[in-house]
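# Examination of the molecular architecture
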Amino acid sequence: MLTYDLIVIGFGKAGKTLAAKMATQGKNVALIERSKAMYGGTCINIACIPTKTLLVAAEKGLSFEEVMAEKNEVTSRLNGKNYAAISSAGVDIIDAEAHFLSNKIIEIVAGDEKQELTAENIVINTGAISNILPISGLTTTKNVYDSTGIQNLSTLPKRLGILGGGNIGLEFAGLFNKLGSKVTVLDAADTFLPRVEPSIATLAKQYMTEDSIEILQNIYTQEVKNEGEEVLVIAKNEIFRFDALLYATGRKPNIEPLKLENTDIQVTDRGAIQVDKHCQTTVPGVFAVGDVNGGLQFTYVSLDDFRVVFNYLAGDGSYTLENRKHVPTAMFITPPLAQIGLTEAQVKEQGLPYATKEIPVAAMPRGHVNADLRGAFKAVVNTETKEILGATIFSQGAQEIINILTVAMDNKIPYTYFTKQIFTHPTLAENLNDLFAI
C-alpha cells in the first residue's frame, strides 16, 4: 500500500490548488484523475472557459467550425498547462479511477491494474454531473446531449431545443442563436428567471425574444424520441421537433463512483457530501470541496473551499465557511446579467427598512457610446444602516462591475459612498454614482 500525506481525488479548482500548495510545503501529495481530458477540472475543460470562448468566438462572426476549433485550442492549451503546473509543484498525478475501501483506504483502478493508497488527509474534489430527469428516452435518443456533449458537435443544428431555463440553458441558447441555430427553450417553470429581480427578468426575456430565441414556460416534457434523425419532444399537449436537443436541467454532486457506502462519510438529503465549517466530512481528515459538497456550483466558490481547507491543514483554522461573505454571480446572456445579495422581494420579506432604485442603460452615456442601450442597474439599500443589501447589473461589463459592489458589501461600505466616488468616464460603472443617489 502506498502512503501519502495528502490524497486529492479529482483535478478541480480547489483540489488542484491544495495539492500544489501542500506539495510546495514539502508534503507528499497524490492527485488522482480518471480522465486526461479533465486535467484542470470542469471549469477549464467543459464549463466556464470553453463556453465563454465559444461565445466570444461567435461574437466575432466566426463560422461554426472556426468557433469549435478555437474552443478546442484554448481548452487543450489550458489542460496541458494545468498538468504541467501541478506536476512541477511535485504532485504525483495518477491517471485512474478512485473509490474508497474504508475511511482512509482508497483503491485506484487503471485498466486491469489496481493499487491501494492511504493518507492522513484525503480531499474529495469530484465535482458535479448533469442531472438527468426521469423522462422516457432522454438518454437513449440520438442527437440528445448534455452540456458537455453539446460542445463537441461536428455540425451546427438548424433547430436546437433546450430543456431548462436556468443559467446553463440560457447561456447555450444565446450562444447557438449567435451561431445561427433556431433555438427554442422549453422550461417547466412558470416564471422566467424566478430568482432575478422581476423587472430585470422581464427585460432579459424581451431581449432574447427580440433575438429570435423562443422561450416557452410551463412545458412538461413526457417523452423524447427519434423520428428518423429528428428529435421529438413530447409534452402534455404539444410535440416539438428539433435537429438536436440539449438537456440543461441542473447538475448534481458526483459521488456514485466513490463507493462512500464503504465509509462513515455521510451524505445529505440532496445527495451531496455532508461537511462542517472546515469542509471536513463526518470522517476526520477527509474533506469534500467544490461542487461535490453541495455548495454553490461556481469555480470561485471552489477556490474559496481551498482557502478553508488549507487554513485548517496549514494554518490556525480561523477561516471557515462561516466567514464566507457575499458571493456574486454572473450569467453570460446578452447582455450579461450579474447579481449580488438580496432582491427587493427578499428584503421586503425580511421586513428590513429599505429603498430601491433602477436606472436603464438607455439613460447612461456609455450605453450610447457602445450603441447598446439594453439593460438596467438596480440596487436595494438599508435606509437605516446605509448598507447595500443587493444589486443587479444587467449590461455590457456586468460581470466586472458586480465585483466593485461585492467589495463594498463585504466591507460594509455605506451606499452613500458611491454618490461621491470618482469614476472614469465614459464608463458604465460611473452610473453607480446615480444608482445610489437614493
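The rules behind the values
- Residues numbered from 1 in each chain as written.
- Predicted model: local features only at pLDDT ≥ 70, side-chain atom pairs only at ≥ 80, totals over all residues.
- Heavy atoms only, no water.
- UniProt positions renumbered as here; feature names shortened; annotations may be inferred.
- Helix = DSSP H or I, 4+ residues; strand = E, 2+ residues; numbered from the N terminus.
- Buried < 20%, exposed > 50% of the residue type's maximum accessible area, 1.4 Å probe, protein only.
- Contact = heavy atoms within 4.5 Å.
- Polar contact = N/O pair within 3.5 Å; in protein donor to acceptor, adjacent residues only side chain to side chain.
- Axes fitted to C-alpha atoms, helices over the stretch in contact; angles between N-to-C directions.
- Left-handed = near helix turned anticlockwise from the far one by under 90°.
- Nonpolar A, V, L, I, M, F, W, Y, C, P; charged D, E, K, R; others polar.

The feature "active site" (unreviewed entry), as annotated in UniProt, sits at H425 in this numbering. Note that H425 resides in the loop between α10 (398-410) and α11 (432-435). Look at H425 and you get exposed, because its relative accessible area is 56%. Here H425 is in contact with P365 and E430, once residues within four sequence places are set aside. Looking at H425, its side chain comes within polar contact range of the side chain of E430, at 2.8 Å.

A separate point is the UniProt feature "binding site: NAD(+)" (unreviewed entry) in the protein. UniProt marks G164, G165, G166, N167, I168, G169, L170, E171 and G250 with the feature "binding site: NAD(+)" (unreviewed entry), using the numbering shown here. The annotated residues occupy 87 residues of the chain but converge on a single region, no pair of C-alpha atoms lying more than 13.2 Å apart. Relative accessible area serves as the criterion here: at 15%, E171 is assigned to the buried category. When residues no more than four places from it in sequence are discounted, the contact partners of E171 are K52, A330, M331, F332 and I333. Apart from the residues within four sequence positions on either side, G250 is in contact with I129, S130 and N131.

A separate point is the packing of helix α3 (residues 48-59) against helix α4 (residues 64-88). Geometrically, a packed helix pair is captured by the angle between its two axes and the distance between the axes. The contact between α3 and α4 brings their axes to 9 Å, and the two run at 145°. Viewed along their axes, α3 and α4 form a crossing whose handedness is right-handed. Counted together, I49, P50, T53, L54, A57 and A58 of α3 and V67, M68, E70, K71, V74, T75 and L78 of α4 form the full contact between these two elements. In the contact of α3 with α4, the residues fall into 9 nonpolar, 2 polar and 2 charged.

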